[in-house]
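For reference, the chains in residue letters:
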Amino acid sequence: MITEVAQQKQEHPMEKLLRMDRIPHIWCPTCGIGTTVTALAVALEQLELDLDNVAVVSGIGCTGRVAGYMKLDSFHTTHGRAIPFAFGLHVARPDMKVIVFSGDGDLISIGGNHFIHTARRNVDITVICVNNFIYAMTGGQVAPTTPLTAKSSTSPYGNYEHPFNLPLLAASSGAVYVARWTALHIRRLTTAFKEAISKRGFSFVEVIAPCSTLYARLNKLGDGLDLMKFYHDNSIIKHGADPKDIDIEYQSKITVGKFVDIEKPTFLDCLNNRNKEVFGDKYKIYGGGNGHNRD
Amino acid sequence: MKADPKNVLVGSHYLDGNHACAEGAIAAGCKFFGGYPITPSTEIAERVSRRFPLVGGVFVQMEDELASMGAILGAAWGGVKSMTCTSGPGFSLMMENFGLGIMLETPCVLVNVQRGGPSTGLPTLPGQADMMQARWGSHGDYEVIALAPDSPQESFELVIHAFNLSEKYRMPVLVMTDECVGHMTEKVIIPPAEEIELVERNYTDKKPGEAWPYEDTKNLLSPLLPVGKGYKFHVTGLTHDQRGYPIINDEAQEWNVRRLIDKVTKNVDDIVWLEEKDVEGAEIVVMAYGITSRVVQPAIAKAKKDGIKIGMIKMVTVWPFPEKRVKELADKVKALIMVEMNYGQVFLEMDRCVAGKCQTYFVGHAGGTVHNPEDVYKTIKEAVK
Ligand SMILES: Cc1ncc(C[n+]2csc(CCOP(=O)(O)OP(=O)(O)O)c2C)c(N)n1
Ligand code: SF4
Ligand SMILES: [Mg+2]
C-alpha cells in the first residue's frame, strides 16, 4: 500500500508530456498558463497522436516558457518570431503537427505581422495564445490586448488605447478555426485544442487566463480564485458568434466558444495545386524537404 | 557527399552574381528559401522562385526580414538546407534572429548583397560597409564566418562553400557580396554534380534519451538532433547547458558563450581562406576582399612596373579575421594596405593585429562606386617612400 502511494507520487499523470527534469516550473501559483498546458497535454493524449511527430514553438514571455516544459521537440525562439520559425519548420516537415504556444504580447504586438500573414496563407499550424491582457514576463506593462481603463505598470492611470479583438483579427486574416475559452473551461478548452490540432490549416485558440501576480494585482481584482470566479460568472458561451461582436471590455462579460470552423486549401495545398497546374507531370507534389511525399 | 545532379545546372552560363548565388544555393541542395525583396539582392529571390518548383524546393516571399531569418532557422531544424538573402536595411532587421541562429547553432546561409548605407542609403550602388555589422550586428559575444565573393563565378562557388561551412560548424554563415558583384554579368562555369562536394548534415548516431543537442564534444561540433524521431529535445535562445535547458547563471554563460567562440577560433586554420600573390619577399602587401580585390589589381600592376616589391592578399573569408597571417607579415613587411569600400572597418582589425610592427594604410571611401585604382596606387607610392 505504502509503495503503491509512493509510486503514484513519482509518476506525475502528465509525465509523458512534461519534462519532469525541469520541474518546478517558473510560473506563479494560480497562473493560468499551467492550466492551459495541462489542457494541451490532455488534448494530445486524447488525440492519440504519435508524440514524436508533434513540435511546440514558443516566443518570449511567461507563456513563452511553455516550450521548455513540454516533452516534445520544442523550440524557444525570439520575442514575436515563434510563428515564422514554426512556419519554416512546418514547410520542412509537413508531416509533423507544429503548435505555437505563446503570449498575447508576443504573438499580437511584436509578432502581429507574422500572425496575420501566416493566417492569410492558411499555413497548417496551430497557434495557442494565452491572453492575460498584459506583458507579464517584463513586469506587467500595457499590451495591445489590455482592456480600456485597465491599469498596468505603463498605463498607471488606466489604458486609453483600443485593444485588439483576437478572434476577429484571426478570422479576418484567414484562420480556418477560431475559438476562445478561459482557463476555467478546461474541458471545453481541451476539446478546442483537439479540434484545432486536427484542423487542416491555420487554427487559432485564444485562452483568457489569469495573471494573478500582475494584471490582477495592479487592478485589484483579487487572487487566483477570485479571477476564476469572475470567469465563471461572466463567461457567455456562444458558438458561432460573429467575431465582430465579441470585444472584451474591462471586467465585462466574455463571449467564449467556437467562432470559425471552415475548410480552405492550406498554404502547401495551394503551392502544390498551382505548380501542378503550371508544370503538369514535371512537378512532383511537395510533401517535405526530406522527401516525405504525400500521396 | 556529391551534389544531386537534378540540382546542378551544368554548363557555361552568362550570369550576374545574384543569379549565380541562386544557382549555388540550388546546387548545394537548398530546399527552403524565405526572403523579402530588397535592391540589390532581389534577383537571388527571383531566380530561386523560378527554379525551385522543379527541384523540390519551397520559395516563400515572407512578410519581412525578421520572418525570413526566423523561417530559415525553423526550416533548418526541420531538416532542410535553408537560405535567405537581403541588403542593408534588411540585414539590420535580420540581426536578432541571426543571433538566435548562432545561439541555437543552426546551419543556414544568409547572403547580404551590400549597398551604400546607413539607412536607405544607396539602394542601387555598392558598398562594403556592413562588414562590422556582419561581425558584431547581433547583440552579445560570438564568432561569425563571412565570405566575400569577387565575381559571379565565385558567388556560385562561395554560396556552396558557405552551406558546407554552415553544416560543419553548425552555424549561420554569411556571404557578404555587394551590388557590383551582384549585378555584374560574367561567364559562370557550373561543373557537373560529381565535382561538387557537399557536407552532409551531421546527425547524432545516439538513440533518443541518450543524446543532447549541445553535447560537449571535443571539437565543439556537436551533432544535430533530428526532429520527429523521438529525441524530444529542447533548444532555446536563453543561455543553456548541453541539454539545451536554460540555465541562468554566470557559469553556464561562460560555458555557452565560450563554446560559440571556441568552435570558430579553434578551427581558424580550417576556416580562413586567403589567396596570396607575390607576398613572399614583398615590401608592401595590399589586402582586399570582394569586388575591391579586383579593383586594386591595376594599381598593383602599375606599382610592380615601378619596381616596387608588392604582394596582395585576397581575403575570401573576412571573418574570422586572418589574425595569425597578418601578425606574421607585420614582422616582415614595410607596410600593409587595406582597401575596402567603407570608412575603415576590416582595416581596424588589420591595424590591431599589426600592433605597430609595420606601417598600416587605409584606402577607403563611403561607397557608391568602386575605388579608383589611382587612389590605391598613390597610397602604395606613399607607403614605399
Ligand atoms: C525584442 C524583444 N523586445 C522585448 C523583450 C522583452 N520582453 C520579454 S517578454 C515580453 C512581453 C511578453 O508578453 P506576453 O507575450 O503577453 O507574455 P506573458 O509574459 O504575458 O505570458 C517582452 C516585452 C524581448 N525579450 N525581446
Ligand atoms: S507573472 Fe503572471 S503570467 Fe507570469 S507566471 Fe506569474 S501569474 Fe503567470
Ligand atoms: Mg501576456
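Worth saying up front: this structure is predicted, and the values here are computed from it rather than measured.

Whenever I open this one, the overall build of chain A confuses me. Can you help?
Helix and strand counts for chain A stand at 11 helices and eight strands. Here chain A has a C-alpha radius of gyration of 20 Å; the compact-globule value for 295 residues is 19 Å, and the two agree. For the C-alpha atoms alone, the extent of chain A along its principal axes is close to 65 × 55 × 35 Å. Split into buried and exposed, the 295 residues of chain A put 58% on the buried side. When contacts within chain A are restricted to residue pairs at least 6 apart in sequence, those whose partners lie at least 24 apart make up 67%.

What's the story with the confidence of the model for chain B in this structure? I'm lost.
Note that predicted coordinates carrying low pLDDT should not be read in detail. In the predicted model, chain B carries a mean pLDDT of 98, and the fraction of residues at 70 or more is 100%. Of the two predicted TM-score estimates for the complex, the pTM is 0.97 and the ipTM is 0.98.

How should I be thinking about the packing of aromatic side chains in this particular structure?
Given two aromatic rings, their pairing is described by the distance between the two centres and the angle made by the two planes. One pass over the structure, following the stated rule, counts 16 aromatic pairs over all chains. Between A:Phe87 and B:Phe32, the ring centres sit 6.3 Å apart and the planes meet at 75 degrees, which makes this aromatic pair edge-to-face. Of the two residues, A:Phe87 is situated in helix α4 (residues 82-92) and B:Phe32 in strand β2 (residues 30-35); the pairing between them involves two chains. An identical accessibility class is assigned to A:Phe87 and B:Phe32; each is buried. On the basis of an interplanar angle of 65 degrees and a centroid distance of 6.5 Å, the ring pair of A:Phe230 and A:Tyr231 is categorised as edge-to-face. Taken together, the aromatic side chains of A:Phe75, A:Phe85, B:Trp77 and B:Phe233 make up a single cluster linked through ring pairs. It is A:Arg22 that lies over the ring of B:Tyr245; its NZ or CZ is 5.8 Å from the centre. Across the ring face of B:Trp136, the terminal group of B:Arg135 is positioned such that the distance to the ring centre comes to 3.8 Å.

Would you mind going over the sheet that holds strand β1 (residues 54-58) of chain A with me for this structure?
Whether parallel or antiparallel, the strands of a sheet pair through hydrogen bonds between backbone atoms. Taken in spatial order, the nine strands make up an open sheet running β7(A)-β8(A)-β5(A)-β6(A)-β4(A)-β3(A)-β1(A)-β2(A)-β10(B), and their pairing is mixed. Strands with a single pairing partner mark the edges of an open sheet, and in this sheet they are β7 (235-237) of chain A together with β10 (234-236) of chain B. Pairs of neighbouring strands in the sheet enclose a mean axial angle of 20 degrees, with direction left out of account. Judged from the six bridges that link them, strand β5 (residues 177-182) of chain A and strand β6 (residues 203-208) of chain A form a sheet pairing that is parallel. Note that in β6(A) the partner of A:Thr182 across the bridge is A:Ile208. Together, β4 (126-131), β5, β6 and β8 (254-261) of chain A form the strand contacts of helix α7 (residues 166-173) of chain A, whose direction differs from that of β6(A) by roughly 175 degrees.

Is there a simple way to explain the sheet that holds strand β16 (residues 359-364) of chain B in this structure?
All names here are of chain B. On the basis of which strands lie adjacent, the open sheet formed by five strands has the order β11-β13-β12-β15-β16 and mixed pairing. Of all the strands in the sheet, just β11 (274-277) and β16 have a single pairing partner and so form its edges. Averaged over all neighbouring strand pairs, the angle between strand axes comes to 20 degrees, with direction disregarded. Where β11 meets strand β13 (residues 310-315), four bridges bridge the pair, whose relative direction is antiparallel. The partner of lysine 277 across the bridge, within β13, is methionine 312.

Would you mind going over the site of ligand 1 with me for this structure?
Around ligand 1, the structure places 17 residues, and the nearest of them are A:Cys62, A:Thr63, A:Asp104, A:Asp106 and A:Met137. Mapping the residues adjacent to ligand 1 onto the chains of the assembly identifies chains A and B. Between ligand 1 and A:Ala136 there is a distance of 3.0 Å, counted from an oxygen atom to a backbone nitrogen or oxygen. Tallying contributions element by element places helix α5 (residues 104-110) of chain A first for the shell around ligand 1, with four residues. Residue composition of the shell around ligand 1, by class: seven nonpolar, seven polar and three charged.

Which parts of the structure should I look at to understand the site of ligand 2?
Taken together, A:Trp27, A:Cys28, A:Cys31, A:Ile33, A:Cys62, A:Asn132, A:Ala136, A:Cys211, A:Ser212, A:Thr213 and A:Leu214 form the complete shell of residues around ligand 2. Ranked by residues supplied to the shell around ligand 2, first place goes to helix α9 (residues 212-218) of chain A with three residues.

Any chance you could explain the coordination of the magnesium ion (ligand 3) here in plain terms?
By definition of the ideal shapes, a tetrahedral metal site with four donors has angles of 109.5 degrees and an octahedral site with six donors has angles of 90 or 180 degrees. All names here are of chain A. Here the magnesium ion (ligand 3) is held by Asp104 (OD), Asn132 (OD1) and Ile134 (O), and the distances to it run 2.0 to 2.1 Å. Each donor residue of the magnesium ion (ligand 3) lies on one chain, and together they are spaced D-x27-N-x1-I. Note that aspartate 104 is positioned in helix α5 and asparagine 132 in the loop between β4 and α7, a separation of 28 residues in sequence. Assigned by exposure class, aspartate 104 and asparagine 132 land together as buried.

Teacher, can you tell me more about the domain arrangement of chain B here?
Interface size, as often reported, equals the accessible area lost upon joining of the parts. Residues and elements named next belong to chain B. Examined at the domain level, chain B breaks down into domain 1 (11-195) and domain 2 (276-383). Averaged C-alpha coordinates put domain 1 and domain 2 at centres separated by 26 Å. Facing the 27 residues of domain 1 at the interface are 23 residues of domain 2. The interface formed by domain 1 and domain 2 contains three salt bridges. The residue arginine 294 makes a salt bridge to glutamate 186 at a minimum N-O spacing of 2.6 Å. Across the contact surface, domain 1 and domain 2 share 16 residue pairs in polar contact (both at pLDDT 80 or more). Per element, the largest residue contribution to the side of domain 1 that touches domain 2 is four residues, and it comes from helix α5 (residues 131-136). Among the residues making up the side of domain 1 that touches domain 2, the classes are represented as 17 nonpolar, three polar and seven charged.

What's the story with unusual backbone geometry in this structure? I'm lost.
Residue and element names in this part refer to chain B. With an omega of 0 degrees, the peptide bond between glycine 117 and proline 118 qualifies as cis. For proline 118, the location among the structural elements is in the loop between β5 (108-116) and β6 (122-126). We note that serine 119 has phi near 55 degrees; this positive angle belongs to a residue other than glycine. Secondary-structure assignment places serine 119 in the loop between β5 and β6. Residues other than glycine seldom take positive phi values, yet leucine 220 does so here, at roughly 70 degrees. Relative to the elements of secondary structure, leucine 220 occurs in the loop between β9 (185-190) and β10. Using a relative accessible area of 11% as the deciding quantity, one classes leucine 220 as buried.

Definitions and limits used
Residues numbered from 1 in each chain as written. Chains lettered and ligands numbered in written order. Predicted model: local features only at pLDDT ≥ 70, side-chain atom pairs only at ≥ 80, totals over all residues. Heavy atoms only, no water. Helix = DSSP H or I, 4+ residues; strand = E, 2+ residues; numbered from the N terminus. Rg over C-alpha atoms; globule rule 2.2 N^0.38 Å. Buried < 20%, exposed > 50% of the residue type's maximum accessible area, 1.4 Å probe, protein only. Contact = heavy atoms within 4.5 Å. pLDDT = per-residue confidence, 0-100. Phe/Tyr/Trp six-rings, centres within 6.5 Å; stacked < 30°, edge-to-face > 60°. Lys NZ or Arg CZ within 6 Å of the ring centre and 35° of its normal. Pairing = 2+ DSSP bridges. Axes fitted to C-alpha atoms, helices over the stretch in contact; angles between N-to-C directions. Near = heavy atom within 4 Å. Polar contact = N/O pair within 3.5 Å; in protein donor to acceptor, adjacent residues only side chain to side chain. Nonpolar A, V, L, I, M, F, W, Y, C, P; charged D, E, K, R; others polar. Donors = N, O, S within 2.8 Å, 3.2 Å for Na, K, Ca; no water. Domains from an automatic or database assignment. Salt bridge = Lys/Arg side-chain N within 4 Å of Asp/Glu carboxyl O.

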